[in-house]
There are 2 protein chains.
Amino acid sequence: MSDLEFFKMNGWGNDFVLLEGPLDLSPDDVRSISDRRFGIGGDGVLVVSAGSPIRMEYWNADGSRAEMCGNGLRCVARLAVDLGMASEGAFDVNTPVGARRVEVDGDDIAVELGAVSVTGHEKIDGDRYHLIDVGNPHAVVEVDDLDAAPVSTVGPRIENHEHFPKGTNVEFVRFDADGVTMRVWERGVGETLACGTGMVAAAFVATKAAKMQSPVTVRVPGGAGTVEFRDGKSWLIVPVSYSFKGVWDRAKPGAGAQG
Amino acid sequence: MSDLEFFKMNGWGNDFVLLEGPLDLSPDDVRSISDRRFGIGGDGVLVVSAGSPIRMEYWNADGSRAEMCGNGLRCVARLAVDLGMASEGAFDVNTPVGARRVEVDGDDIAVELGAVSVTGHEKIDGDRYHLIDVGNPHAVVEVDDLDAAPVSTVGPRIENHEHFPKGTNVEFVRFDADGVTMRVWERGVGETLACGTGMVAAAFVATKAAKMQSPVTVRVPGGAGTVEFRDGKSWLIVPVSYSFKGVWDRAKPGAGAQG
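Residues numbered from 1 in each chain as written. Chains lettered and ligands numbered in written order. Predicted model: local features only at pLDDT ≥ 70, side-chain atom pairs only at ≥ 80, totals over all residues. Heavy atoms only, no water.

Enquirer: What's the story with the pattern of salt bridges in this structure? I'm lost.
Expert: Oppositely charged side chains can form a pair if their charged atoms are brought close together. Enumeration over the complete set of coordinates arrives at 38 salt bridges over all chains. A salt bridge links arginine 36 of chain A to aspartate 43 of chain A; its shortest N-O distance comes to 3.0 Å. We classify arginine 36 of chain A as partly exposed; its relative accessible area is 22%. The closest approach of N and O atoms between aspartate 178 of chain A and arginine 219 of chain A, which form a salt bridge, is 3.1 Å. One end of the pair, aspartate 178 of chain A, is in the loop between β11 (169-176) and β12 (179-186); the other, arginine 219 of chain A, is in strand β14 (residues 216-220), and 41 residues separate them in sequence. On the accessibility criterion, arginine 219 of chain A (24% relative accessible area) is partly exposed. Salt bridges sharing partners connect three or more residues here, namely Lys8, Asp15, Arg36 and Asp43 of chain A together with Arg37 of chain B. (Salt bridge = Lys/Arg side-chain N within 4 Å of Asp/Glu carboxyl O. Buried < 20%, exposed > 50% of the residue type's maximum accessible area, 1.4 Å probe, protein only. Helix = DSSP H or I, 4+ residues; strand = E, 2+ residues; numbered from the N terminus.)

Enquirer: Which parts of the structure should I look at to understand the environment of arginine 157 of chain A?
Expert: Within the fold, arginine 157 of chain A resides in helix α3 (residues 151-159). Within polar-contact distance, the side chain of arginine 157 of chain A engages the side chain of aspartate 125 of chain A at 2.9 Å. (Polar contact = N/O pair within 3.5 Å; in protein donor to acceptor, adjacent residues only side chain to side chain.)

Enquirer: Explain the pairing of strand β9 (residues 127-133) of chain B to me, please; I cannot follow it from the model alone.
Expert: Moving residue by residue along a regular strand, the side chains alternate between the two faces of the sheet. Residue and element names in this part refer to chain B. By the bridge criterion, 7 bridges tie strand β8 (residues 117-124) to β9 in an arrangement that is antiparallel. Across the sheet, residue serine 117 finds its bridge partner in β9, namely aspartate 133. Between β8 and β9, which pair antiparallel in sequence order, lie 2 residues; one of them, aspartate 125, sits at a positive phi of approximately 55 degrees. Of the strand pairs in this sheet, β9 and strand β10 (residues 137-142) are connected by 5 bridges, and their pairing is antiparallel. Counterpart to isoleucine 132 in the pairing with β10 is histidine 138. (Pairing = 2+ DSSP bridges.)

Enquirer: Looking at this structure, I do not really get the side chain of threonine 197 of chain B. What am I missing?
Expert: Following the sequence through the fold, threonine 197 of chain B ends up in helix α4 (residues 196-209). Residues contacting threonine 197 of chain B, with those up to four places away along its chain left out, are Leu113, Val134, Asn136 and His138 of chain B. (Contact = heavy atoms within 4.5 Å.)

Enquirer: I would appreciate a short explanation of the environment of glutamate 186 of chain A in the present structure.
Expert: Residue and element names in this part refer to chain A. With respect to the helices and strands, glutamate 186 occurs in strand β12. Exposure remark for glutamate 186: the relative accessible area of 19% places this residue in the buried category. A distance of 2.6 Å separates the side chain of glutamate 186 from the side chain of threonine 192, its partner in a polar contact.

Enquirer: What is the right way to look at the domain arrangement of chain A in this model?
Expert: For chain A, the assigned domains read domain 1 (3-114 + 240-258) and domain 2 (117-229). Inter-centroid distance (C-alpha atoms) of domain 1 of chain A to domain 2 of chain A is 29 Å. (Domains from an automatic or database assignment.)

Enquirer: When you look at the pairing of strand β5 (residues 89-95) of chain A in this model, what are you seeing that I'm missing?
Expert: All names here are of chain A. For strand β4 (residues 54-60) and β5, the ladder comprises 2 bridges, and the chain directions are parallel. Across the sheet, isoleucine 54 pairs through a bridge with valine 93, a residue of β5. Pairing geometry for β5 and strand β6 (residues 98-105), over 7 bridges, is antiparallel. Across the sheet, glycine 89 pairs through a bridge with valine 104, a residue of β6. Connecting β5 to the antiparallel partner β6 that follows it, the hairpin turn spans 2 residues.

Pasting the structure below:
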């Protein structure tokens, strides 16, 4: 029981340590595993267990339980296929917030993000924002020069604008011939390298305002993905990759002994 | 050739990926391996090769070659024993700057740091500094309240004082009943969690000014070690530990494909 085989995977650098369950992990175990210098290192730990449906558990690096994580779900889907728990194609993964549909096609993993709708349009400081609901709120604005876009000044101003009493994510987008390029200001976080629901919101606006056809390629600073709209639902397709596999000696957790 | 077995080790959190040589690594390989999100992750990469003496090569995480690294040398010594290249006890490791003597006693690894000498004493701003040469220069000052010691203000003032045209490392030390506790301002770096030669300098002053007996326990913010003086030479003994072992697929370096 002390030697645990693990897999290190990432989706655009959002990286996880994956273990095969069933397995009881304590918060201390999770912190030891996640420590980048004394342990294995990662943004969090995922345990995938065989069953119908397959089961996913997720912990943040600090040892706290997390309910969902889109990139984590993608890694779990890929590993489930490689461990023989599922076949390539579509299947369900049970998460603490219910079953989630995934589709595995090689390293490209599609995750269903649900319905998308336009909730309105708003002109603020002369710019026109498309207000999009992807389960969470987004305000999408087209810009000419994306590199020079004032994400860090306009982003928080829109997030906290009186029009959005619960705040909003803000996407600055440029419509290219072959897709959308965007930068994102995440509500409560700041500018980030990628935001799954923000990519869906930007792609949705692209199909409406720029008449693009689904699937839409969306580029973010952290990488690129594809958004597909099918039967009124959105799917975000992002590649995941293995970094390495290894064996961790649970009886000698570095962090506990050294930290 | 594409599947490389590796070992992840650390000395006080100074962490390395170790591989068995002979092995040709490109700077790109090293950067891919060292990347904490897309690769394995570490401060650097070490290759240890059997021979007489055993051979060590070291690369920084950025792909540049490094000549020496005390913690890296310790990890190499431990791994050389575990791979059957050497037996516990004392042996030489060949580095780019020549052979270095090591002693392996379980996880405690002693590295010889050479001769130590007092080069003088200097009173600056009312404080008395012991000037110590450990191959590089150190100014050691005793303080009553180590937590409140003005490391970040006095450190740079002493480093750049006219008395030290080439600069100096500065150690703020407290002599306890059971050893020395210290904080260090490293020349050209700033305050750090640990400094091997600084620990030797502090321990040397402890044997002179505080009449401590060798071996001397030295506590730094990053951990603790032991300094021993034998036949006019200094040895620094620091524990190293394995974090995990793994297999890295060289053909699929995450960083290159994703970054």
